[in-house]
Amino acid sequence: MKIKKQLIRSAERMHSDLGWLNSRHSFSFGGHYDPERMGFGPLRVVNDDVVAPGGGFPSHPHRDMEIISVVLEGRLQHQDSLGNGRVIETGDIQYMSAGSGVVHSEFNPSEDEPVHFMQIWIQPQRKGLEPRYADQPIIGSEDNEWQLILSPDGRDGSMAIRQDAELRTVQLTEDRTITHTVAGASRGLWLFVLEGQVSTKGETLEKGDSLALSEADTVEIAQAGQGAAKIMLFDLPTE
């Protein structure tokens, strides 16, 4: 069976520049619409956000969405109607299940440093559930080994989300490769490069590039170019 794939280069992402916010969207978001980029399975939003010092998103509502933030550089201040108020540090992951409804805000508390984070939205399996919140440092960050960050059952120190979806990260050092076997039938893989360069399935991907793979049983990813490569890999239902 021929593998279906969709490659989106970093420069092909949709772009929002609000002064205080510089954001690149892998999928349709806000005023940006492309019928060919409406998500991948339940993965609906992957935004690569840089917020200027003192900037941020004022209080706004969400519902029926699993919202994940991974802070790559800087610090992100979070407050919500559930009573949570936290500053998320570099290397932390934050999870908010909006469920039946929640109001939250996100700000950069620094006076002189930007904050760079990935914001990810995943549609839940069920609507109207009670909202919930969690955050934690990303653990088990050994080079050249998969680190499970999100899963439906919270195994291996991952954060449990309300969808049969998994998110893994890895840092590949020079000349190293890694393999992942898809979790089951009717699933796909979505790969995003955070740093460096990798090669897989006949494609070379650089920072900000993404590759969606349908009907693939396994994927082998190799470090390419100079320096370590950091990637995120989603394993998701596609039906």
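One can find the structure itself at the top, above this paragraph.
All figures in this text were calculated on a predicted structure; none of them were measured in a lab. (Residues numbered from 1 in each chain as written. Predicted model: local features only at pLDDT ≥ 70, side-chain atom pairs only at ≥ 80, totals over all residues. Heavy atoms only, no water.)

1. Structural notes on the layout of surface pockets
For clarity, the cut-off: A cavity here means a set of points on a 1 Å grid, drawn over the protein atoms and nothing else, where a 1.4 Å probe fits but cannot get out; a pocket is an open set with protein on both sides within 12 Å along at least five of seven lines, and a residue lines either one if it has an atom within 4 Å of a point. Grid points are joined across faces, edges and corners, and a volume is the space filled by probe spheres set on the points. Strands here are runs of E lasting at least two residues and helices are runs of H or I lasting at least four, both read from the DSSP assignment and numbered beginning at the N terminus. Just so you know the grouping, Ala, Val, Leu, Ile, Met, Phe, Trp, Tyr, Cys and Pro go in nonpolar, Asp, Glu, Lys and Arg go in charged, and all remaining residues, Gly too, go in polar.
For the largest pocket, the calculated volume is near 450 Å³. Leu72, Ile138, Thr169, Leu194 and Lys230 are, among the 20 residues lining the largest pocket, the residues nearest its centre. Of all elements in the fold, only β6 (66–73), β15 (166–172) and β17 (187–195) reach the threshold of two or more residues within the lining of the largest pocket. The greatest single-element share of the lining of the largest pocket, amounting to four residues, is contributed by β6. Approximately 180 Å³ is the volume found for the second largest pocket. Taken together, 17 residues line the second largest pocket, and the ones lying closest to its centre are Leu21, Phe29, Asn47, Phe57 and Gln119. Sorting the residues of the lining of the second largest pocket by element identifies β3 (21–25), β4 (43–51), β5 (56–62), β10 (102–107) and β11 (115–122) as the ones contributing at least two each. When its residues are assigned to classes, the lining of the second largest pocket shows four nonpolar, eleven polar and two charged.

2. Here's the deal with empty space enclosed by the protein
It is the rolling of a water-molecule-sized probe over the atoms that shows where space remains empty. Taken as a whole and assessed by the stated rule, the structure comprises two cavities of 30 Å³ or more. As for the second largest cavity, its lining consists of Asp48, Leu72, His116, Met118, Phe192, Val193, Leu194, Lys207 and Gly208. If you list the elements that add at least two residues to the lining of the second largest cavity, you get β11 and β17. For the lining of the second largest cavity, a count of residues per class yields five nonpolar, two polar and two charged.

3. Overview of the nonpolar core
Note the following rule: As used in this record, nonpolar core signifies buried Ala, Val, Leu, Ile, Met, Phe, Trp, Tyr and Cys residues forming a set joined through side-chain atoms within 4.5 Å. Using a 1.4 Å probe on the protein chains alone, a residue whose accessible area is under 20% of its type maximum counts as buried, one over 50% counts as exposed, and one in between counts as partly exposed. Should any heavy atoms of two residues lie within 4.5 Å, those residues are considered in contact.
Core analysis: the biggest nonpolar cluster contains 24 residues, and Leu43, Leu150, Trp190 and Phe234 have the highest contact counts within it. Once you skip the residues sitting within four places of it in the chain, Phe234 turns out to touch Leu43, Ile120, Ile122, Glu166, Leu167, Gly188, Leu189 and Trp190. The next biggest cluster of nonpolar side chains, apart from the first, holds 17 residues, and it includes Leu205, Leu213, Val219 and Ala229.

4. Regarding the packing of aromatic side chains
Condition: Only the six-membered ring of Trp is used, alongside the rings of Phe and Tyr, when aromatic pairs are assigned; centres must lie within 6.5 Å, and planes under 30 degrees apart are stacked while those over 60 apart are edge-to-face, with the rest tilted.
Tallied over the full model, the rule gives five aromatic pairs. Each ring, one from Phe29 and one from Trp121, has its centre 5.5 Å from the other, and the planes form 75 degrees; the classification is edge-to-face. Separated by 92 residues along the polypeptide, Phe29 in the loop between β3 and β4 and Trp121 in strand β11 bring together distant segments of the chain. Under the relative-accessibility criterion, Phe29 is labelled partly exposed at 25%. Owing to a relative accessible area of 16%, Trp121 belongs among the buried residues under this scheme. Ring-pair connections join several aromatic residues into one group, and the members of that group are Phe27, Trp190, Phe192 and Phe234.

5. Structural notes on the sheet that holds strand β8 (residues 85–88)
Within a sheet, each strand pairs with its neighbour through backbone hydrogen bonds, oriented either parallel or antiparallel. What counts is decided by this rule: Pairing between two strands requires that DSSP report at least two bridges joining them. Geometry is summarised by axes, namely lines fitted to C-alpha atoms with helices restricted to the contacting stretch, and by angles between N-to-C directions that run from 0 to 180 degrees.
Across the sheet, which stays open at both edges, the four strands sit in the order β5-β10-β7-β8 with antiparallel pairing between neighbours. Of all the strands in the sheet, just β5 and β8 have a single pairing partner and so form its edges. Averaged over all neighbouring strand pairs, the angle between strand axes comes to 20 degrees, with direction disregarded.

6. Some thoughts on unusual backbone geometry
A positive phi is found at Asn144, a non-glycine position, where the angle reads about 65 degrees. Turning to its location among the elements, Asn144 is positioned in the loop between β12 (132–137) and β13 (147–151). Judged by relative accessible area, Asn144 falls into the buried class, the value being 14%. Although it is not a glycine, Lys201 sits at a positive phi angle of roughly 50 degrees.

7. What about the sheet that holds strand β18 (residues 197–200)?
The strand order across the open sheet built from four strands is β16-β21-β18-β19, with neighbouring strands paired in antiparallel fashion. Since the sheet does not close on itself, it has two edges, and those belong to β16 (177–181) and β19 (203–206), each with one partner. Ignoring strand direction, the axes of neighbouring strands in this sheet form an average angle of 25 degrees. Bridge count between β16 and strand β21 (residues 218–224): five bridges; the pairing is antiparallel. Counterpart to Thr177 in the pairing with β21 is Ala222.

8. Some words on the pattern of salt bridges
Filter applied, for reference: Whenever Lys or Arg places a side-chain nitrogen within 4 Å of a carboxyl oxygen from Asp or Glu, that contact is recorded as a salt bridge.
All told, the structure shown has 14 salt bridges when counted by the stated rule. In this structure, Asp209 engages Arg9 in a salt bridge whose closest nitrogen and oxygen atoms are separated by 2.8 Å. Of this pair, Asp209 sits in the loop between β19 and β20 (210–214) while Arg9 sits in the loop between β1 (4–8) and β2 (14–17), and the two are 200 residues apart along the sequence. A relative accessible area of 29% means that Arg9 is categorised as partly exposed. Here Arg75 ties to Glu89 by a salt bridge, and the two come within 3.2 Å at their closest N and O atoms. On the criterion of sequence distance, the pair formed by Arg75 in the loop between β6 and β7 (76–80) and Glu89 in the loop between β8 and β9 (92–97) is long-range, its members being 14 residues apart. Exposure remark for Arg75: the relative accessible area of 37% places this residue in the partly exposed category.

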